[in-house]
Amino acid sequence: LKENGCTIPQVGLDMIRFHSFYPWHDRGAYRQFEAPEDAEMKRWVKEFNKFDLYSKGDAVPDVAALKPYYQSLLEKYGIGGKLRW
């Protein structure tokens, strides 16, 4: 995302990167590899997961209803167009 001019702060990028790493932030695995600053990152990842749409229920989200909200966030953080991979 950084290479595309994204302005999401580093803590936000860390949340995106690690939110699916449930063994670490949900089950306490890999603690032996944590650096001191990882405790704070883990706290933010756990907070972010409360709002994770795809894993919190059986109902399929209404994409059309949600799109304007998420499109505005993409524009706000400079990643509203196609991403360069």
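Here the structure is a predicted model, which means the values were calculated and not measured.

Q: Help me understand the pattern of salt bridges in this model?
A: Where side chains of opposite charge bring their charged atoms close, a pairing between them can arise. Applying the stated rule across the entire model yields three salt bridges. For the salt bridge of Arg-43 with Glu-40, the shortest nitrogen-to-oxygen distance reads 2.9 Å. Of this pair, Arg-43 and Glu-40 both sit in helix H3 (residues 38-49), three residues apart, roughly one helical turn. Owing to a relative accessible area of 46%, Arg-43 belongs among the partly exposed residues under this scheme. Using a relative accessible area of 41% as the deciding quantity, one classes Glu-40 as partly exposed.

Q: So what exactly am I meant to see when it comes to helix H4 (residues 63-76) here?
A: Look at H4: 19 Å from first C-alpha to last across 14 residues, which is about the 20 Å you get at 1.5 Å a residue. A maximum bend of about 25° is found in H4 at Tyr-69. At the N-terminal end of H4, a side-chain oxygen is found 3.2 Å from the backbone nitrogen of Ala-64, two or three residues along, and the residue is Asp-62. Positioned one or two residues after H4, Gly-78 has a phi angle of 75°, which is positive.

Q: I keep staring at a nonpolar patch on the surface and nothing clicks. Help me out?
A: Together, Leu-1, Ile-16 and Leu-83 give the surface a local cluster of nonpolar side chains, amounting to about 210 Å² of exposed area. Mapped onto the fold, Leu-83 is located in the segment after H4. Taking the relative accessible area as the measure of exposure, Leu-83 reaches 30% and is therefore partly exposed.

Q: How do you make sense of the environment of Glu-34 when you look at a structure like this?
A: Along the chain, Glu-34 turns up in the loop between helix H2 (22-25) and H3. Taking C-alpha positions, Glu-34 is 19 Å from Gly-12, a pair spaced 22 residues apart along the chain. Setting aside residues up to four positions removed in sequence, Glu-34 forms contacts with Trp-24 and Lys-42. Within the local environment of Glu-34, its side chain forms a polar contact with the side chain of Trp-24, the two groups lying 2.8 Å apart.

Q: Which parts of the structure should I look at to understand the nonpolar core?
A: Soluble globular proteins tend to pack their nonpolar side chains together in the buried interior. Grouped together as the largest cluster of nonpolar side chains are five residues: Met-15, Phe-18, Trp-24, Met-41 and Val-45. Elements represented by at least two residues in this core include exactly helix H1 (10-18) and H3. Residues within four places of Val-45 in sequence aside, it is in contact with Asp-14, Met-15, Phe-18, His-19, Trp-24 and His-25.

Q: Looking at this model, I keep getting lost on H1. Mind explaining?
A: Each α-helix winds once per 3.6 residues, and so residues spaced three or four apart point in a common direction. Taken residue by residue, H1 has Gly-12, Leu-13, Asp-14, Met-15 and Phe-18 as its buried positions. Where H1 is buried, its residues meet H2 and H3.

Rules behind the numbers
Residues numbered from 1 in each chain as written. Predicted model: local features only at pLDDT ≥ 70, side-chain atom pairs only at ≥ 80, totals over all residues. Heavy atoms only, no water. Salt bridge = Lys/Arg side-chain N within 4 Å of Asp/Glu carboxyl O. Helix = DSSP H or I, 4+ residues; strand = E, 2+ residues; numbered from the N terminus. Buried < 20%, exposed > 50% of the residue type's maximum accessible area, 1.4 Å probe, protein only. Expected span 1.5 Å × (residues − 1). Bend = angle between axes of the 7 residues up to and from the residue. Polar contact = N/O pair within 3.5 Å; in protein donor to acceptor, adjacent residues only side chain to side chain. Patch = residues over 30% accessible without salt bridge, like charges linked within 9 Å, V, L, I, M, F, W, Y side chains within 5 Å. Areas by Shrake-Rupley, 256 points an atom, 1.4 Å probe, with all protein chains shown as cover. Contact = heavy atoms within 4.5 Å. Core = buried A, V, L, I, M, F, W, Y, C linked by side-chain atoms within 4.5 Å.

The quantities given are spatial measurements derived from coordinates; they are silent on function.
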